[in-house]
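Coordinates in review
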Amino acid sequence: MSDFRAPTLTRRAFIASAAALSANAMLPLQSIALAAGVREFRLRAGSGRAQIAPEPYGETLVWCYDGKLPGPEIRVRQGERLRIAVENGLEEETTVHWHGVRVPNAMDGVPHLTQPPIAPSETFTYEFDAVDAGTFWYHPHQRSFEQVGRGLYGPLIVEEADPVRVDRDVTWVLSDWRLTKTAEMRNDFGSRHDMMHNGRVGNTVTINGRVPDIFRVRKDERIRLRLINAANARIFALDFGSHEPVVIALDGQPVEPHAPEGGLVVLGPAMRADIMLDMTADAGSQVSVIDRFYEGLEYRLIDLAYEDEPLRDKAPDWPVVLPPNPLPEPDLATAARHEVTFNGGMMGAMVMREMGGSMGDMGRDSSGAMGGMMGGMMGNMSDMMNMMHSGGIWFINGVAAEGHVMDPMLTLARGKSHVIAMTNATAWDHPMHLHGHSFRVISRNGKPTPRREWQDTVLMSPRERVEIAFVADNPGDWMFHCHVLEHQAAGMMGVFRVA
Ligand code: C2O
Ligand code: CU
């Protein structure tokens, strides 16, 4: 990573940035200095008020950056260096993690592991290069289930040197909240029930910190929509109605442009998707965007409201392929293989039985695909006994994390290719995130993925097996955890050491 060189920077079209500002209704973070490619920013974590629910509801007390919800959009160009002073105006310790950005380990924002947490009223300055262009975000890594859940997060956009042409570049930070009838924040963060089930899924969904109503568009306009799921636990599956979104990047990394599977843009917590959206419905019409992830709980997220006048007389035919980022290609032929199994949660024992026979059968070789899946773990009776006797709720290879400082569960030879074969032996969805690297998702349930997408967070369905591959080129101790923040807090976390 340290020898990455910024590609030649070209001048960026003025139109895109001007349009992005008005579209986002979010002011860019003020750039204090721009000298020799270093961009300086300040962020202050503190409490604030936000109009989350529409009027006549009042404002909700939140924790946020710079008094804004979401935090200010940090926007730089690929190859620039960021220097970000984070001031802690909270009454508890915090840190900032730059989710998806391949930073040096000391800048990763993991309390106690990569830095001492930032004490109240103290400041810590992060500094790193924007090696990859793409859609990223930032959030605390200290008590994330509450700090993120109360509103501490913001978008971090790294523009390509030569961005693809669009009419507007728009960021939607998706999140949800658990509000009372009077739009106050419910204080039941980290409840045992949420930890054991699917996390803190809220009752109020927002885009950029507000319950949305309409988003104005014009016929034959092309929008690059950067979707960021900043929710603790909610998974989205967005249906854009008659529109045909084209996915051009996942988790910030370019992907072969494609229509999303089943027409739904699926985003687990922490995941991002950049989509190209051509506004093809009739002028003057209104098309709903529906979230269909939870069966029986579909709801209208927002309406795309067309102005009466089209923007032009036919859809643009500009290219949509993004330039690749400087990621090292893993060599599958020589890669070291590692097995990782997730266990726990409500109904965990039931799933174990279903997947591998009864407890009494566990020593013996089970037949069939499910049995094979469990083979690695079932051989290890002592892991099983530890899990049953520990207070943890979620386990990775039999261990429940209690904090960020732990013995590495895997040590990966630096500069080498690695395949991590992951088995979700639970009854729940888990978005699994690795720090410091992006990885290719190479197979699901034994079938090669058609696009071998680069991700930093991969959503795993109950009982699913997923293989990822990457070159461990970034030295240090890196968190590997579920991004349902209640699962992370209840043990679903480990450390990969790259040495
Ligand atoms: Cu989005 Cu460990 O983080
Ligand atoms: Cu999880």
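Let us look at the sheet that holds strand 12 (residues 214–217). One open sheet accounts for five strands, arranged 12-20-19-14-17; its pairing is mixed. If you trace the sheet from one side to the other, it starts and ends with strand 12 and strand 17 (264–267), each paired once. Taken over all neighbouring pairs, the strand axes of this sheet differ in orientation by 25° on average, direction set aside.

Negative phi is the rule for most residues except glycine; trans is the rule for most peptide bonds. Residue Pro56 is reached from Glu55 by a cis peptide bond, and omega for that bond is 15°. You can see Pro56 is positioned in the loop between strand 2 (38–50) and strand 3 (60–65). Omega for the peptide link from Leu69 to Pro70 comes to -10°, which places this bond in the cis form. With respect to the helices and strands, Pro70 occurs in the loop between strand 3 and strand 4 (74–77). One non-glycine residue, Arg452, lies in positive phi territory at about 45°. As for its position among the elements, Arg452 is in the loop between strand 27 (447–448) and strand 28 (454–455). Even without glycine at this site, Arg463 takes up a positive phi of about 70°. Tracing the backbone shows Arg463 in the loop between strand 29 (457–460) and strand 30 (465–471).

Taking strand neighbours across the sheet as the criterion, the six strands line up as 11-10-13-18-15-16 in an open arrangement whose pairing is mixed. Here the strands that pair on one side only, and so sit at the sheet edges, are strand 11 (204–207) and strand 16 (253–258). In this sheet, adjacent strand axes meet at a mean angle of 25° when their direction is disregarded. In this sheet, strand 11 lies alongside strand 10 (residues 168–177) in antiparallel orientation, the contact comprising four bridges. In the strand pairing of strand 11, Leu174 is matched with Ile207.

So, about the packing of aromatic side chains. Applying the stated criterion to the full structure yields 10 aromatic pairs. Among the aromatic side chains, those forming a connected cluster through ring pairs are Tyr65, Trp98, Phe124, Tyr126, Phe128 and Tyr138. Stacked on the ring of Trp63, the Lys or Arg Arg150 has its end atom at 4.9 Å from the ring centre. One cation-aromatic arrangement involves Arg200 over Phe189; the distance from NZ or CZ to the ring centre is 3.8 Å.

Okay, the coordination of the copper ion (ligand 2) next. The protein atoms donating to the copper ion (ligand 2) are His430 (ND1), Cys482 (SG) and His487 (ND1), with metal-donor distances spanning 2.0 to 2.1 Å. Counting residues between consecutive donors of the copper ion (ligand 2) along the chain gives the motif H-x51-C-x4-H. Separated by 57 residues along the polypeptide, His430 in strand 25 (residues 430–434) and His487 in helix 7 (residues 485–489) bring together distant segments of the chain. In this structure, His430 and His487 share a single accessibility class: buried.

If you walk through the whole model with that rule in mind, you get 38 salt bridges. We note a salt bridge from Arg102 to Asp473, for which the minimum N-O separation is 4.0 Å. Of this pair, Arg102 sits in the loop between strand 6 (97–99) and strand 7 (123–129) while Asp473 sits in the loop between strand 30 and strand 31 (476–482), placing them 371 residues apart in sequence. Of the two residues, Arg102 and Asp473, both sit in the buried class. Here Arg234 makes a salt bridge to Asp176, at a shortest N to O gap of 2.8 Å. Within this pair, whereas Arg234 is found in the loop between strand 13 (222–229) and strand 14 (236–239), its partner Asp176 is found in strand 10, the two being separated by 58 residues in sequence. The same class applies to Arg234 and to Asp176, which are both buried. It is possible to trace a salt-bridge network through shared partners that takes in Glu73, Arg75, Glu159, Glu160, Asp169, Arg224, Arg226 and Asp274.

Let's shift gears to the pairing of strand 25. Across the five residues of strand 25, five count as buried, placing the element largely inside the fold. Of the two faces of strand 25, the one carrying His430, Met432 and Leu434 and the one carrying Pro431 and His433 are both buried. Pairing of strand 25 with strand 29 involves four bridges; the strand directions are antiparallel. Within strand 29, the residue paired with Pro431 across the bridge is Leu459.

Note on placement: Leu267 falls in strand 17. It is 6.4 Å that separates the C-alpha atoms of Leu267 and Ala237, two residues lying 30 residues apart in sequence. The contacts of Leu267, once residues within four sequence positions are left out, are Leu174, Leu227, Asn229, Arg234, Ile235, Phe236, Arg272 and Ala273.

About the thresholds
- Residues numbered from 1 in each chain as written.
- Chains lettered and ligands numbered in written order.
- Predicted model: local features only at pLDDT ≥ 70, side-chain atom pairs only at ≥ 80, totals over all residues.
- Heavy atoms only, no water.
- Pairing = 2+ DSSP bridges.
- Helix = DSSP H or I, 4+ residues; strand = E, 2+ residues; numbered from the N terminus.
- Axes fitted to C-alpha atoms, helices over the stretch in contact; angles between N-to-C directions.
- Phe/Tyr/Trp six-rings, centres within 6.5 Å; stacked < 30°, edge-to-face > 60°.
- Lys NZ or Arg CZ within 6 Å of the ring centre and 35° of its normal.
- Donors = N, O, S within 2.8 Å, 3.2 Å for Na, K, Ca; no water.
- Buried < 20%, exposed > 50% of the residue type's maximum accessible area, 1.4 Å probe, protein only.
- Salt bridge = Lys/Arg side-chain N within 4 Å of Asp/Glu carboxyl O.
- Contact = heavy atoms within 4.5 Å.

The values reported here are purely geometric and, on their own, carry no functional implication.
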